[in-house]
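Working through the structure, step by step
Residues per chain, in single letters:
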Amino acid sequence: MKTLIKTGVSALAVAAMSTGFAAAADMGAKDEPIKLAINEWTGQHVTTHVAAGMLREAGYEVEFVTAGMLNQFQAIADGDIHATLEIWSSNVSDQYAGLKDAGKLEELSDLGLNAREGIAYPAHVADLCPGLPAWEALKDCAMNFATAETLPMGRLVDYPADWGTPGADRMTGLELPFKAVPAGSEGALIAELRASTEKKSPLLITFWQPHWAMSAYDVKFVDLPAGEDACFSDPAWGPNPNAINDCDFAASRIFKAGWPGMKDKWPAAHEILVNYALAVEDQQPMMGAVDVDGKGVEEVVAAWMAANEGKWKPVVDAATK
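Computed from a prediction, not measured in an experiment: that's the story for all the values here. (Residues numbered from 1 in each chain as written. Predicted model: local features only at pLDDT ≥ 70, side-chain atom pairs only at ≥ 80, totals over all residues. Heavy atoms only, no water.)

**Here we look at the sheet that holds strand β5 (residues 116–122)**
One key point about sheets: their strands pair by backbone hydrogen bonds, in either a parallel or an antiparallel sense. Pairing is mixed across the open sheet formed by 5 strands, whose spatial order is β7-β6-β8-β5-β9. This sheet does not close on itself; its edge strands, each paired only once, are β7 (178–182) and β9 (219–221). Mean inter-strand twist for the sheet, computed between neighbouring axes without regard to direction, equals 40°. Bridge count for strand β6 (residues 154–158) against β7 is 5 bridges, and the pairing is parallel. When the bridges of β7 are listed, L156 appears paired with A180. Set on the sheet, helix α6 (residues 166–173) makes contact with β5, β6, β7 and β8 (204–209); between it and β6 the angle comes to about 145°. The strands touched by helix α7 (residues 186–199) are β5, β6, β8 and β9; relative to β8, the strand with the most contacts, the crossing angle is about 115°. (Pairing = 2+ DSSP bridges. Helix = DSSP H or I, 4+ residues; strand = E, 2+ residues; numbered from the N terminus. Axes fitted to C-alpha atoms, helices over the stretch in contact; angles between N-to-C directions. Contact = heavy atoms within 4.5 Å.)

As structure tokens, this is what we get:
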């Protein structure tokens, strides 16, 4: 997997240096808590807790608000949540774009993670569906993936329902004989990968990287037609002349957004969150410590921050000193 920063300088330090260590911003209403959204997946929890640790180091109070990825944006526009730290462009809702265009939501900056999403399978599944990773192979071996729930079609384990339907969209666009069944959670997706790997059973799944499970379960992506812009708007583009989405996922961008009033109410906090970035090589081991080793997110993030002050403290200092 590619890493964001290949030198010894972290993404956070680069962000701090880019500010030129300008004059510190006002702290603003530091006696009022800044509310950060907690979404449904471990990586987002890690990302958000690192941001919270930085804000607390600056002297702010922080509260976490559990919010669905797709339904959090109106709460941000209303000021009930002040920032969300890991939005994936491939799953963002039309509501986000509308609120942003109306000036009711501010896009802060890219988080910096190198990402990919796609239709995937544990490596052993290639023996059960000859021809993989070519997507056309799925036409001939769909019955190998069938369950009582999906017969006569194969089963695709898609993202949880409130993450959107990207896997189902690909099955329809490419006319693949698979029924997409939403997973209940990120944990349910991992359970599917674990069971398939242990039992050497067939599994087709919508998944993403960075994620510790990509290496733990030797997950491979299906080779789909390139995800060009025309694929998502022009049915004539691609192998199916009657449908859109007959291609791979568009390249994913991961970014942050916040309540527009934050920059006036908490100027230094706004600066910290704008300049905050997190590298794959930092996030992924923390995800593994939580999901594989069973440690708490707070414990894992606190240990990382204590051992890596040089990677995040310059951003805090640039905004506050």
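**Concerning the state of the cysteines**
Within the structure shown, the criterion is met by 2 disulfides. Sulfur-sulfur distance for the disulfide between C129 and C141 comes to 1.8 Å. An S-S torsion of about -60° defines the bridge between C129 and C141 as left-handed. Within this pair, whereas C129 is found in the loop between β5 and α5 (137–140), its partner C141 is found in the loop between α5 and β6, the two being separated by 12 residues in sequence. Neither C129 nor C141 differs from the other in exposure class; each is buried. Between the sulfur of C231 and that of C247 lies a disulfide, 2.0 Å long from S to S. Handedness of the C231-C247 disulfide follows from its S-S torsion of about -100°: it is left-handed. Note that C231 is positioned in the loop between β9 and β10 (254–258) and C247 in the loop between β9 and β10, a separation of 16 residues in sequence. You can call C231 buried: its relative accessible area is 0%. Bonded cysteines in the protein are paired 1-2, 3-4 when counted in the order they occur along the chain. (Disulfide = S-S within 2.5 Å. Buried < 20%, exposed > 50% of the residue type's maximum accessible area, 1.4 Å probe, protein only.)

**What to know about the packing of helix α2 (residues 42–58) against helix α11 (residues 280–291)**
How two helices sit against one another is set out by the angle between their axes and by the gap between those axes. At a closest axis distance of 9 Å, the pairing of α2 and α11 adopts a crossing angle of 115°. With respect to each other, α2 and α11 are oriented roughly perpendicular. The handedness of the crossing between α2 and α11 is right-handed. For the pair formed by α2 and α11, the contact residues are T42, G43, V46, T47 and V50 on the first element and Q283, M286, M287, V290 and D291 on the second. Here the residues of the contact of α2 with α11 sort into 5 nonpolar, 4 polar and 1 charged. (Parallel < 35°, antiparallel > 145°, perpendicular 65-115°, else oblique. Left-handed = near helix turned anticlockwise from the far one by under 90°. Nonpolar A, V, L, I, M, F, W, Y, C, P; charged D, E, K, R; others polar.)

**Some remarks on empty space enclosed by the protein**
Counted under the stated rule, the structure contains 1 cavity of 30 Å³ or more. By volume, the largest cavity is sized at about 100 Å³. Lining the largest cavity are W41, M69, W88, N91, E117, Y159, W163 and W208. Looking at the lining of the largest cavity residue by residue, the classes come out as 6 nonpolar, 1 polar and 1 charged. (1 Å grid on protein atoms, 1.4 Å probe; cavity = no way out; pocket = protein on both sides within 12 Å on 5 of 7 lines; lining within 4 Å. Points joined across faces, edges and corners; volume = space filled by probe spheres on them.)

**Notes on the packing of aromatic side chains**
Counted according to the given criterion, the structure contains 10 aromatic pairs. Residues F73 and Y96 carry aromatic rings whose centres are separated by 5.0 Å and whose planes lie at 65° to one another, so their mutual orientation is edge-to-face. Of this pair, F73 sits in helix α3 (residues 73–77) while Y96 sits in helix α4 (residues 94–101), placing them 23 residues apart in sequence. One exposure class covers both F73 and Y96, and it is buried. (Phe/Tyr/Trp six-rings, centres within 6.5 Å; stacked < 30°, edge-to-face > 60°.)

**Observations regarding α11**
The end-to-end C-alpha distance of α11 is 16 Å, a good match for the 16 Å that 12 residues give at a rise of 1.5 Å each. Turning to α11, its buried residues number three or more, namely V280, D282, Q283, Q284, M286, M287, G288, A289 and V290. Lining the buried residues of α11 we find α2, β3 (83–88), α12 (297–307) and α13 (309–320). (Expected span 1.5 Å × (residues − 1).)

**Section: the side chain of Q72**
Here Q72 lies in the loop between β2 (62–66) and α3. In this structure Q72 touches A37, N39, A67 and T84, once residues within four positions along its chain are discounted.

**Remarks on the packing of helix α10 (residues 267–275) against α13**
Contact pair α10 / α13: the axes reach a minimum separation of 9 Å and the direction vectors enclose 145°. The element α10 and its partner α13 pack so that their crossing is right-handed. Residues A268, E271, I272 and N275 of α10 lie in contact with α13, whose contacting residues are V315, V316, A318, A319 and T320. For the contact of α10 with α13, the per-class residue count stands at 6 nonpolar, 2 polar and 1 charged.

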